[in-house]
Amino acid sequence: MGLLDNKMIDYFDSDIQRKVPKQDWMKEQMPAEYWEKGTQSRQSKQQWFKVNIDILMKRMRQNDSDVHILQWMHGCEGEMQPHGKLQYHRGKDMYSYDGTDFLSFDDSHSTWVATNVAAEPTKRKWDGVQVLKEYIKGYLETECMDWLRKFVEFGKKMDTISPTVYVFSKNARLEKSIILQCMATGFYLKDIVLQIKRNSLILTNEDGVSTTGTRPNGDETYQRKDCVEILRTDMSSNYTCEVKHVASGMHVEEEWDHTLPSGSGPIVVGVGVLFLVLLAVLLVGLNKKRILAYYMCCFEGIAR
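Residues numbered from 1 in each chain as written. Predicted model: local features only at pLDDT ≥ 70, side-chain atom pairs only at ≥ 80, totals over all residues. Heavy atoms only, no water.

Applicable threshold: UniProt positions are given in the numbering used here, feature names are shortened, and annotations may be inferred rather than shown by experiment.
An unreviewed UniProt entry lists the chain under the name H-2 class I histocompatibility antigen L-D alpha chain, from Dissostichus eleginoides. Under Sequence similarities (unreviewed entry), UniProt gives the following word-for-word description of the chain: "Belongs to the MHC class I family."

Printed below as a string of structure tokens:
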């Protein structure tokens, strides 16, 4: 998978055997040739992994009764200079096996570093291939940085996603109350200010406000929801939800329209009262004490 500042931007789907975009801006900005070459490269690397896992399993005298994992990570890190250009800081080309560091490339000294005894034969072999070391060093310091600068420029669009704000209510446990909810979703970056107000006064946790905090959605954006319990009869007060999202420059204050949730408490209570009345009529009509006791037990069981 491809990551930009820990956000997935593309990945290789082994089911369809294609390299596919994870971000909309990657799909829009990168030409078909990029995806085709990336697909061919990942298909080739997939076969390389199969061969080398077999080599490592034999080297470590392991059998195929357990699952073994070989991972490869390579990339580069840049630092923004005062003149606004992203400059190479360091690179990474490393392998791990079954979750443990195995082999890594020391870019500064152009040599491989074995962190596992089983990796030493590979280190000696790869250290002897000068063209391989020159290629990796050149890729990390030049080609990788070119891609990084391009992706950072394209990815700036992600910094301007403003939230969608909803204000609504739902039933509370007590029939006399409702839960007023303020939700902001679909925003990026994750920093956001969300406040519920009553008649222009900010409500706090001392007023019973609770929050989910900022949580990730499944599409690299974020959401947050704050709630407060209010009286169902408090229709004269003005409740609003204020949201400030600095990254996108959004500042909005949405007003609750006083719409009550469906399936409100009075309907449920009415059904309960009707049931009790019918039960009382039924009990009055029963003359036998044994039958009366039976129905009372059933009612108590339902109540519990």
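### Some details on the overall build of the chain
Where we set the bar: Strands here are runs of E lasting at least two residues and helices are runs of H or I lasting at least four, both read from the DSSP assignment and numbered beginning at the N terminus. Think of it in three bands: with a 1.4 Å probe and only protein chains considered, a residue is buried below 20% of the maximum accessible area for its type, exposed above 50%, and partly exposed in between. Should any heavy atoms of two residues lie within 4.5 Å, those residues are considered in contact. All accessible areas in this document rest on Shrake-Rupley with a 1.4 Å probe, and a residue is counted as covered only by the protein chains that are shown.
When its secondary structure is counted, the chain shows six helices and 16 strands. Counting all 304 residues of the chain, 32% fall into the buried class. Once local pairs closer than 6 in sequence are excluded, the contacts in the chain between residues at least 24 apart make up 53%. In the form shown here, the chain has an accessible surface area of approximately 19600 Å², with 54% of it arising from carbon and sulfur atoms.

### A closer look at the pairing of strand β16 (residues 250-255)
Rules: If DSSP finds at least two bridges between two strands, the strands pair.
Bridge count for strand β15 (residues 239-245) against β16 is six bridges, and the pairing is antiparallel. Pairing of H245 across the sheet is with M250, part of β16. The hairpin turn running from β15 into β16, its antiparallel successor, is four residues long, and G249 in that turn takes a positive phi close to 75 degrees.

### Looking at the sheet that holds strand β10 (residues 193-198)
The sheet built from four strands is open, its strands ordered β11-β10-β15-β16 with antiparallel pairing. Two strands bound the open sheet, and with one partner strand each, they are β11 (201-202) and β16. Summarising the sheet, β10 and β11 pair through two bridges and their orientation is antiparallel. Of the residues in β11, the one forming a bridge with R198 is L201.

### A look at the pattern of salt bridges
Here is the rule: A pair is scored as a salt bridge if a Lys or Arg side-chain nitrogen falls within 4 Å of a carboxyl oxygen belonging to Asp or Glu.
Inspection of every chain in the model, using the stated rule, returns 12 salt bridges. With a shortest N-O distance of 3.3 Å, R18 and E36 are connected by a salt bridge. Highlighted residues: R18 in strand β3 (residues 18-21) and E36 in helix α2 (residues 32-59), separated in sequence by 18 residues. Looking at R18, the relative accessible area reads 33%, which means it is partly exposed. Here E36 falls in the partly exposed class, since its relative accessible area comes to 35%. Between D107 and K137 there is a salt bridge whose closest N-O contact spans 3.6 Å. With a gap of 30 residues between them, D107 in the loop between β6 (100-106) and β7 (111-114) and K137 in helix α4 (residues 130-155) connect regions that are remote in the sequence. We classify D107 as buried; its relative accessible area is 10%. Each of D107, K137 and E141 takes part in one network of salt bridges that share partners.

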